[in-house]
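So the chains spell out like this:
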Amino acid sequence: MATKPSTVNEWIKQALRAEPPRSKSLIVTVFGDAIAPNSDGLWLSELINLLKPFHINERLVRTSSFRLIEEG
């Protein structure tokens, strides 16, 4: 049985270990739900940097972004 996390940071780390985010879903959430409605956009390198803490590497961000663009 997992121990109960004592801080929000510990809870986030535990949740990410238990169920790592899917890159495509996370990109849609970060860009589509949080950034796009509130800005004119961002550079791909900025999105790559935003997703680093989630252990989503540059290649995966680029590939997922390209596929999302292709899907419209």
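Everything discussed here concerns the structure shown above.
Residues numbered from 1 in each chain as written. Predicted model: local features only at pLDDT ≥ 70, side-chain atom pairs only at ≥ 80, totals over all residues. Heavy atoms only, no water.

It is worth spelling out the packing of helix H2 (residues 23–35) against helix H3 (residues 44–51) at this point. At their nearest, the axes of H2 and H3 sit 11 Å apart, and the two run at 115° to each other. Considering only the axes of H2 and H3, their crossing is right-handed. Of H3, the residues touching H2 (which contributes Leu26, Ile27, Val30 and Ile35) are Leu47, Leu50 and Leu51. Of the residues that constitute the contact of H2 with H3, the class distribution is seven nonpolar, no polar and no charged. (Axes fitted to C-alpha atoms, helices over the stretch in contact; angles between N-to-C directions. Helix = DSSP H or I, 4+ residues; strand = E, 2+ residues; numbered from the N terminus. Left-handed = near helix turned anticlockwise from the far one by under 90°. Contact = heavy atoms within 4.5 Å. Nonpolar A, V, L, I, M, F, W, Y, C, P; charged D, E, K, R; others polar.)

Next up on the list: the side chain of serine 64. Considering the arrangement of structural elements, one finds serine 64 in helix H4 (residues 58–71). Given a relative accessible area of 7%, serine 64 falls into the buried group. When residues no more than four places from it in sequence are discounted, the contact partners of serine 64 are Ser23, Lys24 and Ile27. (Buried < 20%, exposed > 50% of the residue type's maximum accessible area, 1.4 Å probe, protein only.)

What follows covers unusual backbone geometry. Its identity as a non-glycine residue notwithstanding, histidine 55 has a phi of 60°, on the positive side. If you trace the backbone, histidine 55 turns up in the loop between H3 and H4. Taking the relative accessible area as the measure of exposure, histidine 55 reaches 73% and is therefore exposed.

Here the focus is the environment of phenylalanine 54. Relative to the assigned elements, phenylalanine 54 resides in the loop between H3 and H4. Residue contacts for phenylalanine 54: discarding those within four places in its chain leaves Leu16, Pro21 and Leu26.

In terms of nonpolar packing, the biggest core is built from nine residues, these being Leu26, Ile27, Val30, Ile35, Leu47, Ile48, Leu51, Ile56 and Val61. With four residues, the single largest contributor to this core is H2. Discounting residues that sit within four places of it in the chain, isoleucine 27 has contacts with Gly32, Leu47, Leu51, Val61, Ser64, Ser65 and Leu68. (Core = buried A, V, L, I, M, F, W, Y, C linked by side-chain atoms within 4.5 Å.)

In this section: the pattern of salt bridges. A complete count under the given rule lists two salt bridges for this structure. Between glutamate 71 and lysine 24 there is a salt bridge, with its nearest N and O atoms 2.6 Å apart. Here the residue glutamate 71 occupies a position in helix H4, and lysine 24 occupies one in helix H2, the gap between them amounting to 47 residues. Residue glutamate 71 is classed as exposed on the basis of its relative accessible area of 55%. Here lysine 24 falls in the partly exposed class, since its relative accessible area comes to 35%. For the salt bridge of glutamate 58 with arginine 62, the shortest nitrogen-to-oxygen distance reads 2.9 Å. In this pair, glutamate 58 and arginine 62 both sit in helix H4, four residues apart, roughly one turn of the helix. With relative accessibility at 40%, the residue arginine 62 sits in the partly exposed group. (Salt bridge = Lys/Arg side-chain N within 4 Å of Asp/Glu carboxyl O.)

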